[in-house]
Amino acid sequence: MPRWVWLAGSVLAVSAVAAGVLVAGLPHYNLAHIASDKLTASLGRKTQIEALHVRFGRWVTVDLDNLHLANIPQGSRADMITLKHLHAQILLSSLLSGDMQARDVKIDGFSGLFERTPEREPNWRFGKKASSTPSKPKEPSGKVWFPGLRDATITDSEVIYRSAHGHSYVTGLKAVTLHSTSDSTPLMMDVNGAYNGTPVTLQANMQPIDVLRQAGKPYGTDIHAASGDLSLHLNGTMTDLFDFDGIDAKLDLQTATSRPIMAFAGEADSKITQPVTLSGHFTHKGDVWHLDHTTGSLKESPIRNADVTFTEGATGQPDKVAGSMVFSRLNLNALLGSSSEKPKTSANSIDVPLQVPLKPDPLINVTLAADTVLYNALVFNQAQISLSQMPGRIDVSSMKMNWLGASIQASGHLLAGQKGTRVQATVNVENGDIDQFRKQAGFSPFPVGGKLNIRVLTHADNIQTLNEASRLANVTAAVGMNTGTISREVMDIATTDVGALFRQSKGKASVSCLLGALEMHQGKGVVQPLRIKSDAGSIVGKAEFDLNKKAFELVFASNGAKGMLAMEIPVMVSGSFSSPHVGLAKWSGRGRELLKEADMAALLPPELKSFTAGSACSRGMSIK
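Thresholds applied
- Residues numbered from 1 in each chain as written.
- Predicted model: local features only at pLDDT ≥ 70, side-chain atom pairs only at ≥ 80, totals over all residues.
- Heavy atoms only, no water.
- Helix = DSSP H or I, 4+ residues; strand = E, 2+ residues; numbered from the N terminus.
- Buried < 20%, exposed > 50% of the residue type's maximum accessible area, 1.4 Å probe, protein only.
- Contact = heavy atoms within 4.5 Å.
- Polar contact = N/O pair within 3.5 Å; in protein donor to acceptor, adjacent residues only side chain to side chain.
- Core = buried A, V, L, I, M, F, W, Y, C linked by side-chain atoms within 4.5 Å.
- Phe/Tyr/Trp six-rings, centres within 6.5 Å; stacked < 30°, edge-to-face > 60°.
- Disulfide = S-S within 2.5 Å.
- Pairing = 2+ DSSP bridges.
- Salt bridge = Lys/Arg side-chain N within 4 Å of Asp/Glu carboxyl O.
- Expected span 1.5 Å × (residues − 1).

A. Highlighting the overall build of the chain. Along the chain, the regular secondary structure elements total 10 helices and 31 strands. Within the chain, the proportion of its 624 residues that are buried is 44%. Of all intrachain contacts in the chain linking residues separated by at least 6 positions in sequence, the fraction that spans at least 24 positions is 52%.

B. Just the side chain of Asn-333, in detail. Looking at the element boundaries, Asn-333 is found in helix α6 (residues 332-335). Overall, Asn-333 belongs to the buried group, its relative accessible area being 5%. Reaching out from Asn-333, the side chain makes a polar contact with the backbone nitrogen of Asn-376 at a distance of 2.6 Å.

C. Molecular detail of the nonpolar core. Membership of the largest hydrophobic core comes to 59 residues, with the highest contact counts inside it found for Ile-49, Leu-52, Val-105, Leu-149, Leu-178 and Met-189. Top element by residues in this core is strand β3 (residues 79-91). It accounts for six residues. Counting 50 residues, the second-largest nonpolar core is a separate cluster that includes Val-356, Phe-380, Ile-486 and Ala-536.

D. Representation of the packing of aromatic side chains. On inspection of all chains with the given rule, the structure shows four aromatic pairs. One aromatic cluster is present, built from ring pairs that chain together Phe-380, Trp-403 and Phe-437.

E. Broad picture of the state of the cysteines. Within the structure shown, the criterion is met by one disulfide. Here Cys-513 is linked by a disulfide to Cys-617, with a sulfur-sulfur distance of 2.0 Å. Residues Cys-513 and Cys-617 are joined through a disulfide that is right-handed, its torsion about the S-S bond being 95°. With Cys-513 in strand β26 (residues 508-521) and Cys-617 in the segment after α10 (589-600), the pair connects residues that are 104 residues apart, well separated along the chain. Cys-617 sits in the buried class, given a relative accessible area of 0%.

F. Highlighting the pairing of strand β10 (residues 219-227). Examined bridge by bridge, strand β9 (residues 198-206) and β10 share six bridges and lie antiparallel to one another. By the bridge assignment for β10, Thr-201 is matched with Ala-226. Connecting the antiparallel pair β10 and strand β11 (residues 230-238) is a turn made up of two residues, with Gly-228 showing a positive phi of about 55°.

G. Layout of the pattern of salt bridges. Enumeration according to the criterion identifies 14 salt bridges in this entry. Between Lys-106 and Asp-104 there is a salt bridge, and its shortest N-O distance comes to 4.0 Å. Looking at Asp-104, the relative accessible area reads 30%, which means it is partly exposed. Residue Lys-250 pairs with Asp-252 through a salt bridge whose shortest N-O separation is 2.7 Å. Assessed through its relative accessible area of 24%, Asp-252 is described here as partly exposed. Overlapping salt bridges bring together Asp-99, Arg-150, Asp-183, Asp-210 and Arg-213 as one network.

H. Layout of unusual backbone geometry. Following Asp-361, the chain continues to Pro-362 via a peptide bond in cis, the omega torsion being 15°. Mapped onto the fold, Pro-362 is located in the loop between α6 and β18 (363-375). In this model, Asn-196 sits at a positive phi of 50°, which is unusual for a non-glycine residue. As for its position among the elements, Asn-196 is in the loop between β8 (187-195) and β9. Asn-196 sits in the partly exposed class, given a relative accessible area of 27%.

I. Region of the structure containing the pairing of strand β13 (residues 276-285). Pairing of strand β12 (residues 247-255) with β13 involves nine bridges; the strand directions are antiparallel. Across the sheet, Asp-252 pairs through a bridge with Ser-279, a residue of β13. Where β13 meets strand β14 (residues 288-298), nine bridges bridge the pair, whose relative direction is antiparallel. In the strand pairing of β14, His-281 is matched with Asp-292. Taking the residues between adjacent antiparallel strands as the criterion, β13 and β14 are bridged by two residues, where Gly-286 takes a positive phi near 65°.

J. Summary view of the environment of Leu-234. The topology assignment puts Leu-234 in strand β11. C-alpha separation for the pair Leu-234 and Ile-223, spaced 11 residues apart in sequence, amounts to 5.1 Å.

K. Quick look at the environment of Arg-304. Following the sequence through the fold, Arg-304 ends up in strand β15 (residues 301-311). Exposure remark for Arg-304: the relative accessible area of 42% places this residue in the partly exposed category. Separated by 24 residues in the primary sequence, Arg-304 and Ser-328 have C-alpha atoms spaced 6.0 Å apart. What Arg-304 contacts, discounting residues up to four positions off in sequence, is Thr-294, Thr-295, Val-326, Phe-327, Ser-328 and Asp-371. Side-chain polar atoms of Arg-304 contact the side chain of Asp-371, separated by 2.7 Å.

L. Representation of helix α2 (residues 32-43). Across its 12 residues, α2 extends 16 Å between first and last C-alpha, which sits within 8% of the 16 Å expected from 1.5 Å per residue. Looking one or two residues beyond α2, the residue adopting positive phi is Gly-44, at roughly 75°.

Printed below as a string of structure tokens:
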């Protein structure tokens, strides 16, 4: 919460001016007019004070009412600082030593606005050069002015920080106490307040004020903060306490619901209720906030390591978030609001919004990885995704994962559209076990076995969510296999081998290649061509299917069947996925139509010509 202690120092500076007027011999009068003029001349800002009274003694007593300090001309409100009342006692001799000592300090009704204009001009720089172009930053040296504080209280006050983008962060100070027995003993601070309207309590044990006055030297702080179920511990150093800058500290954070975090972010009505724990190394220097070597968890997702950098944007530019986060287990079912205890069905499945902002703030460039990812009923292993967000576009430069023993790699992008998002992606699958895929889909055993390679080109328009994209996508794909097996019984059916009437074929024939090309539009598709070569003969075919109706039509015929009684009569299989029926293709008009199309089909679409798996099936095969 930046510039809290600046509050005490700034108002005590007014007291110092008042004490200087006292020495001039005006102890019994309202000195507001004189002090206002002096502060106006000193700060280069119009200053108004309604009442200022000073009583002389070893400890000079100062009482001030209704102070107004003007903001810069480009500021968002007229006054940078307002103050209802100040009471303080200042050691007279300390005014001559340079290190002012104060006790019994009471500040009430303070409101301080610290802001940067859209041109990033800060309003806390005073004097004639305050509005000029800032010089190159220099390493701080010498001493920082700060009063000695024996006892101070702040009530009903607020400190507002407003960024160059116009975002306001309000720290409410309902009751604050600061205490130290001397400038060489620790400075203690207790705060009962709020941040953006969310209640916060804070206890800070800080190094002595003597250390604080040494410009550029790391200043030790041990801070405990709490808000609702949120607890935060920050233990380390700062080089600029006034600006909450130069931080190098260990951070520990815990919350059972994340509600305080969402409230701090301005999303008090958010329905997100995620337990979060974080423990890591936190730094802040200038515009850069960094969290590294961080472990913890997001609900049921343990974080093994996080390294994230937040950079405040330059003039007119968005902020940036970059980095990486590695999970040992990423449970998207839990993170997206669905209980991990419930079995996932179409009725209670989770979904991921695919929304692309035209003017994102912040911009994002991150890599996420996990040993295991849970998404609905799917379980992925060794997953990693690298993505970046820019205006109107999200690029997924790389996505890798293992699923059911297969290796999956993908890339693509999302583009903002008037009615939704345009999705385009390329997916490559290697070593996909047919039997594993079949079991995952709940199908009966397949007559073909082996490991497939698959390449998928897909796009969808006007999409809102990931699940919708999977249902409505337009897909062009190639499926290939170089080694595998096929049931000899199926080959007998394909060849219409009369010998099968007198014997039952057993075992499997070796497959030397399998090749198929698929086109699908919103759940309706065709596999053409479909070719298999084995040591028991070859098969050429075509299939059409409708995932929405769960129905299909498949026609196939043998080519080069082995066996004296093999007649190579084309076969047609059609009906529902669960209960198909078998017939002879040439005995139906639909069967003959599919056969003709299968024989005339080109091998692969032009955009998939580089796909090489199953390429041996592209030569010397046709339906007789």
